[in-house]
Amino acid sequence: MKLLTVVGARPQFIKAAVVSRAIAGANEARQGLPTLEEVIVHTGQHYDDDMSEVFFRDLEVPRPAYNLGVGSGSHGRQTGRMLEAIEPVIERERPDCLLVYGDTNSTLAGTLAASKVRVPVAHVEAGLRSFNRDMPEEINRVVVDHLATHLFCPTEGAVKNLSCEGIVQGVHRVGDVMYDSLLYNLERAKSRADILSRLGLQPGSYALATIHRAETTRDATELRRLVSCLGAVGLPVIVPLHPRTKRALDLDDARLDLGEVRLIPPVSYHEMLTLEQHARLVVTDSGGVQKEAFLLRVPCVTLRNETEWWETVEAGWNRLAGTEPAAVAKEITASLDQTPSTPGSPYGVGRAGEAIVEVLLKESGSGRVRPEHGSEGTRKTRTQPVLP
Ligand code: UD1
Ligand code: UDP
């Protein structure tokens, strides 16, 4: 069975590394039996060395067979250019299934391109919802889930969200691939522990912050107020800066009051795990980072009003603060004062990659991955939708 994996943004390289490793493991164990062939396509959505190449190097993700070099642009332009570039790759490779991750424009473009030529789509991180359609990612999630044939959900809540939208077939609760990734890489991250000494940090004595969402960076004045408020939390605050945020902040502006905030370039995944693990507090608008904070049991303040990862909030480890500086400062203080309890394990057991590969192999063995030309194949049957 041939899989065409489409990735393009930083967190997708991390997630794809998990499944690629599981594919290699399954192939090795299946001597003489049908195996999975994976062809990786990088759309080029992220292209700076520290947003892309570093992850392929450190995480040993197989080299992409194609880099479409799409780059940055408005949503329509970026997605349109990806669609145009992915279609001929599908025609050439004739995959049995196209595999996508998360909720980026690369996820959307891969899904649309495959669906139009009747190649089944497998979506990892299916069913997540923020119920906020101002987020471009929410639009991507909804469209992708309604087109996908195989929906790999990280949580029980994600399965329920899909069911509420009438999607009940092809749904698998497999756990969260980022939990697999964290477990696999924590030990390996020790080789990058020197990031603490390089930054002059003692474990437990600093906060770590990331900001990159379109909603948080859209208004430069608001963004600067937010960053200034982080500079007053009473701890050094390390901020690996996403290029979008760097551009929006206008670092040449002398009025930017950074206080104890230290802006650094984006770091590698292993360095990031080290910084997260030893932080006193995490402040972020990232989906992946708030979840990693939870998994590492580091209190987190999320710079949003809602989250797709609500288990982290319910367990007491994550506080939703929005982006208003006074509210952020209040939640930071509350977070530093509190010791949350030990929660269960809502994100699985760290074997999501293997579970995904097992489903794909089973489906390919039953001949159900690629629908017959002109037939309905494995299209999902839908119950009457009950929209939220
Ligand atoms: C994208 C995803 C977001 C994900 C994030 C992960 C969409 C709609 N958003 O957001 O869900 O959380 O990736 O990091 O797909 N830029 C560079 N160099 C790069 C990449 C980007 O300079 O290598 C700059 C460009 O100015 C670009 C801006 O960052 O316009 C935003 O990049 P883009 O990929 O459009 O969105 P992200 O904010 O990265
Ligand atoms: N990350 C990283 N280096 C950084 C910032 C983040 O390796 O400088 C990792 C982080 O540990 C997590 C993932 O990137 O695994 C999250 O990506 P991001 O915040 O860009 O996107 P989101 O998860 O919000 O889609």
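Preceding block: the structure.
The present account deals with the structure reproduced in this document. The structure presented is a predicted model; accordingly, all values stated were derived computationally and were not measured.

1. Overview of the site of ligand 2
So, point 1. As a structural note, the neighbourhood of ligand 2 is formed by 19 residues, with Arg10, Val267, Ser286, Gly288 and Glu292 the closest of them.
So, point 2. With respect to ligand 2, the side chain of arginine 213 contributes an N or O atom lying 3.2 Å from an oxygen atom.
So, point 3. Contacts to ligand 2 include glutamate 292, whose side-chain N or O atom sits 2.5 Å from an oxygen atom.
So, point 4. Here ligand 2 loses 95% of its free accessible area of 530 Å² to cover by the protein chains.
So, point 5. When residues in the shell around ligand 2 are grouped by element, the largest group, 4 residues, is from helix H13 (residues 287-295).
So, point 6. In the shell around ligand 2, the residues fall into 10 nonpolar, 5 polar and 4 charged.

2. Re helix H15 (residues 325-337)
So, point 1. With 13 residues, H15 should cover 18 Å at 1.5 Å per step; its first-to-last C-alpha distance of 18 Å lies within 8% of that length.
So, point 2. Along H15, the residues that are buried comprise Pro325, Val328, Glu331, Ile332 and Ser335. Taken down its axis, H15 places every buried residue within 125 degrees of arc, on the same side. For H15, exposure combined with an orientation more than 90 degrees from the buried face picks out Ala326, Lys330 and Asp337.
So, point 3. Those residues of H15 that are buried are in contact with helix H10 (220-230), strand E11 (281-284), strand E12 (300-302) and strand E13 (318-320).

3. Describing the pairing of E11
So, point 1. Burial along E11 is two-sided: Leu281 and Val283 facing one way and Val282 and Thr284 facing the other are all buried.
So, point 2. For strand E8 (residues 207-210) and E11, the ladder comprises 4 bridges, and the chain directions are parallel. Of the residues in E11, the one forming a bridge with threonine 210 is threonine 284.
So, point 3. In the sheet, E11 pairs with E12 via 3 bridges, with the strands oriented parallel. Bridged to valine 282 within E12 is cysteine 300.
So, point 4. Assessed by its sense of winding, the connection that carries the chain from E11 through H13 to E12 is right-handed.

4. What to know about the site of ligand 1
So, point 1. In the region of ligand 1, 20 residues are neighbours, and His46, Tyr47, Glu137, His212 and Arg244 sit closest.
So, point 2. Contacts to ligand 1 include tyrosine 47, whose backbone N or O atom sits 2.8 Å from an oxygen atom.
So, point 3. Here arginine 244 contributes a side-chain N or O atom positioned 2.7 Å from an oxygen atom of ligand 1.
So, point 4. With the chains in place, 90% of the 750 Å² that ligand 1 exposes on its own is no longer accessible.
So, point 5. Elements with a contribution of two residues or more to the shell around ligand 1: helix H3 (75-93) and helix H11 (243-249).
So, point 6. When residues of the shell around ligand 1 are assigned to their parent elements, the largest contribution, 3 residues, is made by H11.
So, point 7. The residue inventory of the shell around ligand 1, partitioned by class, reads 5 nonpolar, 9 polar and 6 charged.

5. As for the environment of methionine 135
So, point 1. When you line up the elements, methionine 135 lands in the loop between strand E5 (121-124) and helix H5 (136-147).
So, point 2. You can call methionine 135 buried: its relative accessible area is 0%.
So, point 3. Excluding residues within four positions of it along the chain, methionine 135 makes contact with Ser130, Arg141, Arg213, Glu215, Arg304, Glu306 and Glu308.

6. Observations concerning the environment of lysine 116
So, point 1. One can find lysine 116 in helix H4 (residues 105-116).
So, point 2. Among the residues examined, lysine 116 registers a relative accessible area of 69% and is labelled exposed.
So, point 3. Between the C-alpha atoms of lysine 116 and leucine 147, which are 31 residues apart in sequence, the distance is 9.8 Å.

7. Focus on H13
Count 3.6 residues to each turn of an α-helix, and residues three or four apart come out pointing the same way.
So, point 1. In terms of burial, H13 is largely enclosed, as 9 of its 9 residues are buried.
So, point 2. Residues of H13 that are buried include every one of Gly287, Gly288, Val289, Gln290, Lys291, Glu292, Ala293, Phe294 and Leu295, and no others.
So, point 3. Positive phi appears at arginine 297, one or two residues downstream of H13, with a value of about 60 degrees.

8. Here we look at the sheet that holds strand E1 (residues 2-7)
Sheet strands line up and pair through hydrogen bonds in the backbone, either parallel or antiparallel.
So, point 1. The strand order E3-E2-E1-E4-E5-E6-E7 describes an open sheet built from 7 strands, whose pairing is parallel. On the outer flanks of this sheet lie strand E3 (66-67) and strand E7 (171-173), each paired with one strand and no other.
So, point 2. Where E1 and strand E2 (residues 37-42) come together, 6 bridges link them in parallel fashion. Directly across from valine 6, in E2, lies its bridge partner valine 41.
So, point 3. The sheet strands contacting H3 are E1, E2, E3 and strand E4 (97-101), and the helix crosses E1 at an angle near 165 degrees.

9. Considering the packing of aromatic side chains
Both the distance between ring centres and the angle between the ring planes are used here to describe each pair of aromatic rings.
So, point 1. In total, this model carries 4 aromatic pairs according to the counting rule given.
So, point 2. A centroid spacing of 4.8 Å and a plane angle of 50 degrees characterise the contact between phenylalanine 13 and phenylalanine 56, whose relative ring orientation is tilted. Placement of phenylalanine 13 in helix H1 (residues 10-29) and of phenylalanine 56 in helix H2 (residues 53-58) is noted, with a sequence separation of 43 residues between them. In this structure, phenylalanine 13 and phenylalanine 56 share a single accessibility class: buried.
So, point 3. For the ring pair tryptophan 309 and tyrosine 347, a centre distance of 5.6 Å and an interplane angle of 75 degrees mean the geometry is edge-to-face. Of this pair, tryptophan 309 sits in the loop between E12 and helix H14 (310-314) while tyrosine 347 sits in the loop between H15 and helix H16 (352-365), and the two are 38 residues apart along the sequence.

The rules behind the values
- Residues numbered from 1 in each chain as written.
- Chains lettered and ligands numbered in written order.
- Predicted model: local features only at pLDDT ≥ 70, side-chain atom pairs only at ≥ 80, totals over all residues.
- Heavy atoms only, no water.
- Near = heavy atom within 4 Å.
- Polar contact = N/O pair within 3.5 Å; in protein donor to acceptor, adjacent residues only side chain to side chain.
- Areas by Shrake-Rupley, 256 points an atom, 1.4 Å probe, with all protein chains shown as cover.
- Helix = DSSP H or I, 4+ residues; strand = E, 2+ residues; numbered from the N terminus.
- Nonpolar A, V, L, I, M, F, W, Y, C, P; charged D, E, K, R; others polar.
- Expected span 1.5 Å × (residues − 1).
- Buried < 20%, exposed > 50% of the residue type's maximum accessible area, 1.4 Å probe, protein only.
- Arc of directions from axis to C-beta.
- Contact = heavy atoms within 4.5 Å.
- Pairing = 2+ DSSP bridges.
- Right-handed = clockwise from strand over helix to strand, strands pointing away.
- Axes fitted to C-alpha atoms, helices over the stretch in contact; angles between N-to-C directions.
- Phe/Tyr/Trp six-rings, centres within 6.5 Å; stacked < 30°, edge-to-face > 60°.

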